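# Observations on the three-dimensional arrangement
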Amino acid sequence: MSLFYSLARSGAQRFMKKQGAGPVLVQGLKRISFSLSEGDRMGVIGRNGSGKSTLLRTAAGYLKPSGGRLEVQGSIGTLIDLGIGINGERSAKENVHFTGKLAGLKKAEIQAFDEDVQTFADIGAFYHLPFDTYSSGMKLRILFAMITHFKRDILIVDEVFGVGDTHFAERAYERMTGFVHTSKTMMLATHSEGLLRQFCNKCMWLDNGQIRALGTPDEVLEAYHAG
Ligand SMILES: Nc1ncnc2c1ncn2[C@@H]1O[C@H](COP(=O)(O)OP(=O)(O)OP(=O)(O)O)[C@@H](O)[C@H]1O
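Residues numbered from 1 in each chain as written. Predicted model: local features only at pLDDT ≥ 70, side-chain atom pairs only at ≥ 80, totals over all residues. Heavy atoms only, no water.

Per an unreviewed UniProt entry, the chain goes by the name ABC transporter ATP-binding protein and belongs to Caulobacter radicis. Quoted verbatim from the Sequence similarities (unreviewed entry) field of the UniProt record, the comment on the chain reads "Belongs to the ABC transporter superfamily." (UniProt positions renumbered as here; feature names shortened; annotations may be inferred.)

This is the structure we're talking about:
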């Protein structure tokens with residue numbers, strides 16, 4: 001599949017129009033082709049701007065491929081953006097209850113969901129204040145606790161761990177290990193070779209929106225370091 005970002009409403013487009021040029025498009029992905037089976041955990045590596053987030057967002061269904069096709073079977077849990085699916089004017093507690101209701105949970109299950117998120121996130125009284133008032137690390141704690149509460153067939157995680165502190169990273173790592181083993185498939189964009197080796201059996205190296213290498217983490221990391 002391929003993906004172009006359209007800059008139709010941007011200043012760049014207005015400038016190009018004055019020059020008599022056509023629509024401005026940025027190619028995010030170029031003829032990407034891969035398949036993952038149950039049990040596969042693929043790490044996605046590459047330099048800044050290489051297309052990792054674009055690939056994950058497309059796989060999660062937030063972006064539609066401009067060409068080609070995407071087939072996904074199973075429920076998807078994502079940790080891609082620290083705001084997606086959250087009402088910023090509501091507290092974490094209210095968001096948890098809303099998400100629980102939307103997922104069709106019973107009252108006791110929502111209560112358990114609430115307690116789990118509150119305990120794991122450990123953000124004190126902020127749990128009752130609007131989400132928009134949280135720091136990035138606090139948002140990560142809440143969202144991470146929320147998505148890992150549910151069992152999912154497919155887990156798609158972008159490099160968001162960077163905003164968490166060491167204390168959170170240690171606990172998240174532990175919870176993630178358990179969670180990864182209950183999900184069937186995972187995609188993880190990361191700059192951390194530790195995470196890659198710990199959680200992944202496959203690795204994709206993206207360069208300028210294209211696949212440079214696809215194989216085991218050891219094979220791909222070797223190629224990546226060789227340049
Ligand atoms: N909303 C957007 N509109 C236009 N172009 C975009 C948009 N988002 C990303 N791009 C472009 O798509 C390409 C891939 O970006 P992407 O964010 O997927 O890279 P990345 O590998 O995740 O980078 P990083 O490691 O910095 O997070 C880049 O050229 C970027 O400028």
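### Some words on the overall build of the chain
Scanning the chain from N- to C-terminus turns up 8 helices and 8 strands. Within the span of the chain, comprising 227 residues, buried residues form 41% of the whole. Put simply, of all contacts in the chain between residues at least 6 apart along the chain, 67% involve residues at least 24 apart. Put simply, the chain shows about 12300 Å² of open surface, and 51% of that area lies on carbon and sulfur atoms. (Helix = DSSP H or I, 4+ residues; strand = E, 2+ residues; numbered from the N terminus. Buried < 20%, exposed > 50% of the residue type's maximum accessible area, 1.4 Å probe, protein only. Contact = heavy atoms within 4.5 Å. Areas by Shrake-Rupley, 256 points an atom, 1.4 Å probe, with all protein chains shown as cover.)

### Remarks on the environment of Ser 136
Take Ser 136: it is sitting in helix 5 (residues 136-149). Classification of Ser 136 as partly exposed rests on a relative accessible area of 40%. Between the C-alpha atoms of Ser 136 and Gly 83, which are 53 residues apart in sequence, the distance is 9.8 Å.

### Description of unusual backbone geometry
Backbone geometry at Arg 31 places phi at a positive 45°, although glycine is not the residue there. As for its placement among the helices and strands, Arg 31 is situated in the loop between strand 2 (25-29) and strand 3 (41-45). For Asn 208, which is not glycine, the phi dihedral falls at a positive 55°. Mapped onto the elements of the fold, Asn 208 is located in the loop between strand 7 (202-207) and strand 8 (210-215).

### A closer look at the sheet that holds strand 4 (residues 76-79)
Strand order in the open sheet formed by 6 strands is 4-5-6-3-7-8, and the pairing between neighbours is mixed. Unpaired on one side and paired on the other, strand 4 and strand 8 mark the two borders of the sheet. The mean inter-strand angle of the sheet, taken between neighbouring strand axes irrespective of direction, is 15°. Where strand 7 lies against strand 8, 5 bridges are found, and the strand directions are antiparallel. Paired with Leu 206 across the strands is Ile 211, a residue of strand 8. This element, helix 2 (residues 52-60), spans strand 3, strand 4, strand 5 (154-157), strand 6 (185-189) and strand 7 of the sheet and lies at about 150° to strand 6. (Pairing = 2+ DSSP bridges. Axes fitted to C-alpha atoms, helices over the stretch in contact; angles between N-to-C directions.)

### With respect to the site of the ligand
By nearness alone, 12 residues border the ligand, and Asn 48, Gly 49, Lys 52, Ser 53 and Thr 54 come closest of all. Contact distances for the ligand include 3.0 Å between an oxygen atom and a side-chain N or O atom of Asn 48. Within the side chain of Ser 53, a nitrogen or oxygen atom sits 2.8 Å from an oxygen atom of the ligand. Relative to its free-state accessible area of 640 Å², the ligand is covered by the protein chains to the extent of 60%. Its residues assigned to classes, the shell around the ligand shows 3 nonpolar, 7 polar and 2 charged. (Near = heavy atom within 4 Å. Polar contact = N/O pair within 3.5 Å; in protein donor to acceptor, adjacent residues only side chain to side chain. Nonpolar A, V, L, I, M, F, W, Y, C, P; charged D, E, K, R; others polar.)

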